[in-house]
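# Analysis of the macromolecular model
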Amino acid sequence: MVYLTRRYRFSAGHRLHNDALSAEENRRVYGKCNNPSGHGHNYLLEVTVAGTIDPATGMVFDLSALDGIVAERVLEKLDHKNLNLDMENFRAQVPTTENLCREIYELLRTPLEEAGGAQGLELARVRLEETSLNSFEYVPEHARGRVM
Amino acid sequence: MIYVTRRAEFSASHYYHNPKFTPEENRRVFGKCNNPLGHGHNYTVEVTVSGVMNPTTGMVLDLKELKVLLEQEVIQLMDHKFLNKEVPAFAEKNPTTENIAVEIWNLLAPKLAHGKLHRIRVYETADLFVDYYGE
């Protein structure tokens, strides 16, 4: 089993706010990120797929197919968008980078695993840097303890 | 358990090709990477060794040992080489980043005197890397 990671970039705006909390609580919990006008980041996305090497090609998965799926399923949906308003799933949940990791995992999992079925491909990790000083990773249950 | 990682760099050329494919299939599957004259990358290898700390030295292993091993087993073999033509492991299989990671594992695992080889990571570019954990 080999783990292949590819990096992508997108830029998006968001605001961290939870309607269930009072205005005062929102300010206390989210600080500057609660600014009603929103703010943006340059996100760095790492997508890790795991599979066996196809002996005919020496590859786990075709890189241009990976790029195509990530562009169609993620980058076109998120790049230069307002995460709170443009993303259906963030009308009801706060677009923290934690939630965004899991959301990107859900967007990619089925198309990648279907396209890479011959190599037993699995989506093993989604890692996001919101800035160069903080990063978040989502590793599904089945890959925990295997990727580091 | 402590994990110690040492990094090394090498530059090499390669191309992807399967003699069982038609020229048309080779171009379709491998795209630009199928140019038979080859192209090159600056590769970065990260070797991660796990182990327990020696209480006397405060170290898992002597890093110089790892540096020398990497130099002898990997860098001398691959640096400034045409991987398909000059590295025997790639005479019959493509020197993809996947296969390079597995090959480096196979070169280092039997020769590591201290600690346990945990991971080989190979960066082909800053935006593409492969991890291999030995199985």
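Our structure's up above, just so we're on the same page.
Residues numbered from 1 in each chain as written. Chains lettered and ligands numbered in written order. Predicted model: local features only at pLDDT ≥ 70, side-chain atom pairs only at ≥ 80, totals over all residues.

### A closer look at the overall build of chain A
Summing up its helical and strand segments, chain A has four helices and five strands in all. The C-alpha extent of chain A, read off along each of the three principal axes, is 60 × 30 × 25 Å. Each of the 148 residues in chain A was classed as buried or not, and the buried ones make up 30%. Within chain A, contacts between residues at least 6 apart in sequence are counted, and of these 69% link residues at least 24 apart. (Helix = DSSP H or I, 4+ residues; strand = E, 2+ residues; numbered from the N terminus. Buried ≥ 20, exposed ≤ 12 C-beta atoms within 10 Å, placed from the backbone. Contact = placed C-beta atoms within 7 Å.)

### Concerning the interface of chain B and chain A
Taken together, the 19 residues of chain B in the interface contact 15 residues of chain A. Looking at the side of chain B that touches chain A residue by residue, the classes come out as eight nonpolar, five polar and six charged. (Nonpolar A, V, L, I, M, F, W, Y, C, P; charged D, E, K, R; others polar.)

### Some words on the packing of helix 2 (residues 63–78) of chain B against helix 4 (residues 97–108) of chain B
Residue and element names in this part refer to chain B. Between helix 2 and helix 4, the shortest axis-to-axis distance is 10 Å and the interhelical angle comes to 125°. Classified by the angle between their axes, helix 2 and helix 4 sit oblique to one another. Of the two possible hands of crossing, helix 2 and helix 4 adopt the one that is right-handed. Contact residues: helix 2 offers Leu 69, Glu 73 and Val 74, while helix 4 offers Ile 104, Leu 107 and Leu 108. In terms of residue class, the contact of helix 2 with helix 4 is made up of five nonpolar, no polar and one charged. (Axes fitted to C-alpha atoms, helices over the stretch in contact; angles between N-to-C directions. Parallel < 35°, antiparallel > 145°, perpendicular 65-115°, else oblique. Left-handed = near helix turned anticlockwise from the far one by under 90°.)

### A short note on the pairing of strand 2 (residues 39–51) of chain A
Residue and element names in this part refer to chain A. In terms of strand pairing, strand 1 (residues 2–14) meets strand 2 through 13 bridges, oriented antiparallel. When the sheet's bridge partners are listed, Tyr 3 is paired in strand 2 with Ala 50. Two elements, strand 2 and strand 4 (residues 122–131), share seven bridges in a ladder whose sense is antiparallel. Residue Val 47 lies in a different strand from strand 4, and its bridge partner there is Val 126. (Pairing = 2+ DSSP bridges.)

### Regarding the pairing of strand 5 (residues 128–132) of chain B
Of all five residues that make up strand 5 of chain B, four are buried, and the element is covered over most of its length. The sheet contact formed by strand 1 of chain A and strand 5 of chain B spans five bridges and is antiparallel. Paired with A:Val2 across the strands is B:Tyr132, a residue of strand 5 of chain B. As defined by bridge partners, strand 4 (residues 116–125) of chain B adjoins strand 5 of chain B across five bridges and the pair is classed as antiparallel. In the strand pairing of strand 5 of chain B, B:Ile120 is matched with B:Tyr132. Between strand 4 of chain B and strand 5 of chain B, which pair antiparallel one after the other, the connecting turn spans two residues.

### A word on the environment of A:Thr57
As for its placement among the helices and strands, A:Thr57 is situated in the loop between strand 2 and helix 2 (63–78). According to the C-beta neighbour criterion, A:Thr57 is buried, with 22 such atoms within 10 Å. Not counting residues within four places of it along the chain, the set of residues in contact with A:Thr57 comprises B:Asn18, B:Val29 and B:Asn94.

### A few points about helix 4 of chain B
Between its first and last C-alpha, helix 4 of chain B extends 17 Å over twelve residues, near the 16 Å set by a 1.5 Å rise per residue. The elements touched by buried residues of helix 4 of chain B are strand 1 of chain A together with strand 2 (39–51), helix 2, strand 4 and strand 5 of chain B. (Expected span 1.5 Å × (residues − 1).)

### Some remarks on the nonpolar core
By size, the foremost hydrophobic cluster in this structure holds 51 residues, and its most contacted members are A:Val2, A:Val49, B:Ala101, B:Val122 and B:Val130. Setting aside its immediate chain neighbours within four residues, B:Val122 contacts B:Tyr43, B:Val45, B:Thr97, B:Ile100, B:Ala101, B:Ile104, B:Phe129 and B:Val130. (Core = buried A, V, L, I, M, F, W, Y, C linked by C-beta atoms within 7 Å.)

### Quick look at unusual backbone geometry
Glycine aside, residues mostly have negative phi angles, and peptide bonds mostly take the trans form. Even without being glycine, A:His80 reaches a positive phi, approximately 60°. Examined against the element boundaries, A:His80 turns out to sit in the loop between helix 2 and strand 3 (81–82). With phi around 60°, B:His80 is a residue other than glycine that occupies positive phi space.

### Thoughts on the packing of helix 2 of chain A against helix 4 (residues 97–115) of chain A
All names here are of chain A. The interhelical angle for the contact between helix 2 and helix 4, taken along N-to-C directions, is 145°, at an axis separation of 10 Å. Crossing of helix 2 against helix 4: the hand is right-handed. Seen from helix 2, the contacting residues are Ala 65, Ile 69, Val 70, Arg 73 and Val 74; seen from helix 4, they are Ile 104, Leu 107, Leu 108, Pro 111, Leu 112 and Ala 115. Looking at the contact of helix 2 with helix 4, its residues break down into ten nonpolar, no polar and one charged.

No statement about biological role is implied by the geometric values presented.
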